[in-house]
Amino acid sequence: MGDFGSLDAVIWDMDGVIVDSEPSHFISWREVFKKENIQVSEDKLRETFGMTSPQVVREILGQDVSRERAQKISQEKEKIFRSIIRKEAKFLPGVEEWLQIFKEGGILQALASSGSQKNIDSVLNALDVRRFFKEVVSGLEMPSKPAPDVFLLTAEKLGVIPGSCLVIEDSIAGVSAAGSAGMTCLAVATTNPAGKLGKADLILDNLEMLTSEKLQNLFSE
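Residues numbered from 1 in each chain as written. Predicted model: local features only at pLDDT ≥ 70, side-chain atom pairs only at ≥ 80, totals over all residues. Heavy atoms only, no water.

Right, let's get into the pattern of salt bridges. Tallied over the entire structure, the rule returns 11 salt bridges. Here Arg131 ties to Asp128 by a salt bridge, and the two come within 3.8 Å at their closest N and O atoms. One network of salt bridges, with partners in common, ties together Glu22, Arg30, Glu42, Asp43 and Arg46. (Salt bridge = Lys/Arg side-chain N within 4 Å of Asp/Glu carboxyl O.)

Set out below in structure tokens:
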């Protein structure tokens, strides 16, 4: 399509892709786990980026943690996160420019996040970017990334085939999910080093480094 070859739609992850939310997540998780008398390193938390909050709890406390306890901890964490991100939300480099370029180029755009709808709404409202997205999908109640469910549902809602979609991700789980969905993945090394994102089709430090030529190479027919 246009200057972007066979690209029909861009599916954006939110945390670590559109918004610099890593510090807010770290603070929130540390606070709730401190109440559980559990210390968690940044490296361990970073490995869980892209997963739903209940799955993060299972990764830290063990897969046998009760559903009720996982939900309670998750809800408390998300409440803390929203109180922080409403004041701290800011775009990552290149995001505003590419949101506009895709919009002007007639490319469909959607947001597909593992976060809750309340979290998504807090970020979209803080950044005033809702107008760019035809669809906004929360994967909280779906199988967590690296399962591809949230991306496949988003493509279905957009009315496009997976092979014509570009997923923009930052997490290891998200990159794997995009690949399992049969979608092309652009990974930004904002929360993970490039060496851990090797399954992506293209890896950049940030979206300021993205060019039309690089997109054409990904979607050349």
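Let us look at the sheet that holds strand β1 (residues 9–12). Strand order in the open sheet formed by 6 strands is β3-β2-β1-β4-β5-β6, with parallel pairing between adjacent strands. Each edge of the open sheet carries a strand with a single partner, namely β3 (135–138) and β6 (202–204). Taken pair by pair, the neighbouring strands of this sheet meet at an average axis angle of 20 degrees, ignoring direction. Taken together, the 4 bridges between strand β2 (residues 108–113) and β3 define a ladder with parallel strand orientation. Across the sheet, residue Ser113 finds its bridge partner in β3, namely Ser138. Helix α6 (residues 117–127) contacts β2 and β3 of the sheet and is inclined by roughly 140 degrees relative to β3. (Pairing = 2+ DSSP bridges. Helix = DSSP H or I, 4+ residues; strand = E, 2+ residues; numbered from the N terminus. Axes fitted to C-alpha atoms, helices over the stretch in contact; angles between N-to-C directions. Contact = heavy atoms within 4.5 Å.)

The subject of this paragraph is the layout of surface pockets. Looking at the largest pocket, its volume works out to about 150 Å³. Along the walls of the largest pocket sit Ser53, Pro54, Gln71, Ser74, Gln75, Glu78, Arg82, Ser116, Lys118, Leu140 and Glu141, which together make up its complete lining. Among the elements of the structure, α3 (53–61) and α4 (67–88) are those that each provide at least two residues to the lining of the largest pocket. With 5 residues, the single largest contributor to the lining of the largest pocket is α4. Tallied by class, residues from the lining of the largest pocket come to 2 nonpolar, 5 polar and 4 charged. (1 Å grid on protein atoms, 1.4 Å probe; cavity = no way out; pocket = protein on both sides within 12 Å on 5 of 7 lines; lining within 4 Å. Points joined across faces, edges and corners; volume = space filled by probe spheres on them. Nonpolar A, V, L, I, M, F, W, Y, C, P; charged D, E, K, R; others polar.)

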